[in-house]
Structure formats: C-alpha cells, structure tokens
Amino acid sequence: MTATSRHSALVRVTHWITTFCFLALPVSGVEILISHPRFYWGESGNIWTQPLFKIPIPASRALVPTGYGYVLPDQNGWSRYLHFQAAWIAVLIGFLYVGYGLFTGYLRKNLLPRQADLSWRAISTAIAHHLRFEPPSAAEAWSYNPLQRLSYLLVIFVLFPVLIATGLAMSPAFVSAVPAVVTVFGGQQSARTIHFFVSVSLLLFLLVHVVMVWRAGFRSRMRAMLTGRADTPMEGI
C-alpha cells in the first residue's frame, strides 16, 4: 500500500470548521427552541395562536403553555449568541469552500455526477448496497458513489441555502433591509417552521454520514480528512 494525497488542506480545514459549527448550532438551537416549542405558519404566532404543531417538551418561558407544571432554566442569552456566531462562521466557510471548489474544479471532479451516475441502475445499485450494509469498495476511498454525490449536492446547494435564508428571515434587522427574504417563505413563522425541518434533515444527514464513515473504515477516512493522505493499493498488489 502507498499513501497518496486525497484532500487538500483547504478542504480539510473547511470540513473541520464546519464540523465544529455543526456541533454548536444544534446545541444552541435546541436551547432557543425550548423557549417556545411551538410552530406556526404565516407571519405571526404567539401563545394565543393555534400552533401548526408543537414539541411535547417543557419550555423555558412560564407563559408558554406546554402542559408541564414547571419551566426549564432560560438559556436564551448564550445560546442565541453562539447560534448566530456559529451560523455566520459556517456561512463564510461555505462560501470559501464553494468558491474554491468552483475555481479549482474540485466540485466538478468529486461531486458533480457523471452521466452514467444519473442512470436509475447506478442509483438503485448504490441504494441497494447501503440497504444491505455492504462494505464500500476500495475505489470509493477516492471517488464518491452516485448516491453520495447527489446527497452532498443536495446539502450544499439546496438545504444549506434554505437554512441560511430562513435564518435571515427571522432576523428583524435583515428583514427590514431585505423584506423579500421573509415574503418568499410566506411569513416569519413559516420561515421558522421551515428552518426547523431543514435543521432536522441536516442532522439526519450528519448521523448517516458518521455511520457510513465508521462502516467504510473509520481510521482510514479520518486519516484522509486529518492529514490529506489515503492508502491506495500499489499497482500489481
């Protein structure tokens, strides 16, 4: 076996900064959610409004009806600060990653599906391999399969932009400058509800991602993302 470069330094750095943001955002987001675990649709929503749905947990605000006889400690101060800081760092890192990927051809080479990858046979085969928990082939250490490519593109160019836009739609300062950002989602409460579902989708993606890294060979995948080097079979071996 010989070690060959797999990930550039910029890809590795942006990956790990995004990882730390991914850890900070759910923790702080849950604390923000606890203050009002009810979701609405439209522009406005409050304790007197019939919710679209609610999370059956205690709240950190005494006025929010949850059915529990107590309230949780209010952690809105640090959680909102951390959430906004982590979000902006993730946005800036995301722009850097996409810009680098477009300029160097990294996205085209690693994430853009080839024409053969878009066939139903290729996609169904990749899905079947995952459902049967088959170990990945050695080639997949160097190239993502069709399902991975489509999943990463969905996350980078659909889920992340929607998450950012809905987050901005909940910011009064930003909405006052760009009111269209909230109008396109049908109201501030609609944006909050969409933000919640997209966040859950990204958490599920992260969980699947970690499980697949573990199954594919945790040490080799971690080595590639930490040092940029990955083992490849030598010719003739």
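Residues numbered from 1 in each chain as written. Predicted model: local features only at pLDDT ≥ 70, side-chain atom pairs only at ≥ 80, totals over all residues. Heavy atoms only, no water.

Would you mind showing me how to read the overall build of the protein chain here?
Scanning the protein chain from N- to C-terminus turns up 8 helices and 4 strands. Listing the helices and strands of the protein chain from first to last along the sequence gives β-α-β-β-α-α-α-α-α-α-α-β. Sorting the 237 residues of the protein chain into buried and exposed places 32% on the buried side. Long-range pairs, those at least 24 residues apart, make up 68% of the contacts in the protein chain with a sequence separation of at least 6. Entry remark: accessible area of the protein chain is about 14,400 Å², with carbon and sulfur atoms responsible for 70%. (Helix = DSSP H or I, 4+ residues; strand = E, 2+ residues; numbered from the N terminus. Buried < 20%, exposed > 50% of the residue type's maximum accessible area, 1.4 Å probe, protein only. Contact = heavy atoms within 4.5 Å. Areas by Shrake-Rupley, 256 points an atom, 1.4 Å probe, with all protein chains shown as cover.)

I tried to follow the nonpolar core on my own but got confused; where do I start?
One recurring pattern in soluble globular proteins is that nonpolar side chains are buried together. If you look at the biggest cluster of nonpolar residues, it comprises 10 residues: Val-11, Tyr-97, Val-98, Tyr-106, Leu-107, Leu-111, Tyr-144, Tyr-152, Leu-153 and Ile-156. Mapped by element, the contributors of at least two residues to this core are helix H2 (76-104), helix H3 (106-110) and helix H5 (146-169). The dominant element in this core, judged by the number of residues it contributes, is H5, at 3 residues. (Core = buried A, V, L, I, M, F, W, Y, C linked by side-chain atoms within 4.5 Å.)

Would you mind showing me how to read the environment of Ile-194 here?
Summarising the element assignment, Ile-194 is placed in helix H8 (residues 188-227). With relative accessibility at 22%, the residue Ile-194 sits in the partly exposed group. Taking C-alpha positions, Ile-194 is 9.5 Å from Gly-167, a pair spaced 27 residues apart along the chain. Ignoring sequence-local partners within four residues, the contact set of Ile-194 consists of Trp-41, Val-162, Thr-166 and Phe-185.

Looking at this structure, I do not really get a nonpolar patch on the surface. What am I missing?
There is a patch of nonpolar side chains on the surface, built from Val-13, Ile-17 and Ile-89 and spanning about 220 Å² of accessible area. On the basis of relative accessible area, Ile-89 is assigned to the partly exposed category, the value being 40%. (Patch = residues over 30% accessible without salt bridge, like charges linked within 9 Å, V, L, I, M, F, W, Y side chains within 5 Å. Salt bridge = Lys/Arg side-chain N within 4 Å of Asp/Glu carboxyl O.)

Got a minute to help me understand the side chain of Ser-35 in this structure?
Mapped onto the elements of the fold, Ser-35 is located in helix H1 (residues 9-35). Classification of Ser-35 by relative accessible area gives buried; the value is 6%. Among the polar contacts made by the side chain of Ser-35, one reaches the main-chain carbonyl oxygen of Ile-32 at a distance of 2.6 Å. Ignoring any residue separated from it by four or fewer positions in sequence, one finds Ser-35 in contact with Ala-59, Ser-60, Arg-61, Val-64, Asn-76 and Arg-80. (Polar contact = N/O pair within 3.5 Å; in protein donor to acceptor, adjacent residues only side chain to side chain.)

What is the right way to look at the side chain of His-83 in this model?
The topology assignment puts His-83 in helix H2. Among the polar contacts made by the side chain of His-83, one reaches the main-chain amide nitrogen of Gly-29 at a distance of 3.5 Å. In contact with His-83, other than residues within four places in its own chain, are Leu-25, Ser-28, Gly-29, Ile-32 and His-195.

Help me understand the packing of aromatic side chains in this model?
The relative placement of two aromatic rings is captured by the distance of their centres and the angle of their planes. Within the structure shown, the criterion is met by 10 aromatic pairs. Seen from their ring centres, Phe-53 and Phe-197 are 5.4 Å apart, and the 45° between their planes marks the pair as tilted. Placement of the pair is Phe-53 in strand S3 (residues 53-54) and Phe-197 in helix H8, with a sequence separation of 144 residues. Phe-197 gets classed as partly exposed once you look at its relative accessible area, which sits at 45%. Ring centres of Tyr-97 and Tyr-106 lie 6.0 Å apart, and the angle between their planes is 80°; on these two criteria the pair is classed as edge-to-face. Here the two residues Tyr-97 and Tyr-106 agree in accessibility, since each one is buried. These aromatic residues form a ring-pair network of at least three members: Phe-39, Phe-53, Phe-196 and Phe-197. Its end group placed over the ring of Phe-39, Arg-192 keeps NZ or CZ at 4.4 Å from the ring centre. (Phe/Tyr/Trp six-rings, centres within 6.5 Å; stacked < 30°, edge-to-face > 60°. Lys NZ or Arg CZ within 6 Å of the ring centre and 35° of its normal.)

Would you take a moment to explain the packing of H2 against H5 for this structure?
Helix packing for two helices is described by the angle between their axes and how far apart those axes are. In contact at an axis separation of 12 Å, H2 and H5 are set at 145° when each is read in the N-to-C sense. Relative to H5, the crossing made by H2 is left-handed. For the pair H2 and H5, the contacting residues are Trp-88, Val-91, Tyr-97 and Val-98 in the first and Ile-156, Phe-157, Ile-164 and Leu-168 in the second. Each residue belonging to the contact of H2 with H5 can be placed in one class, and the counts come to 8 nonpolar, no polar and no charged. (Axes fitted to C-alpha atoms, helices over the stretch in contact; angles between N-to-C directions. Left-handed = near helix turned anticlockwise from the far one by under 90°. Nonpolar A, V, L, I, M, F, W, Y, C, P; charged D, E, K, R; others polar.)

What exactly am I supposed to notice about the packing of H1 against H2 here?
Close contact between H1 and H2 brings their axes to 8 Å; oriented N to C, the two are set at 150°. Between H1 and H2, the angle is such that the two are roughly antiparallel. With respect to the hand of their crossing, H1 and H2 are arranged in left-handed fashion. Residues of the contact of H1 with H2, tallied by class, amount to 18 nonpolar, 8 polar and 2 charged. (Parallel < 35°, antiparallel > 145°, perpendicular 65-115°, else oblique.)

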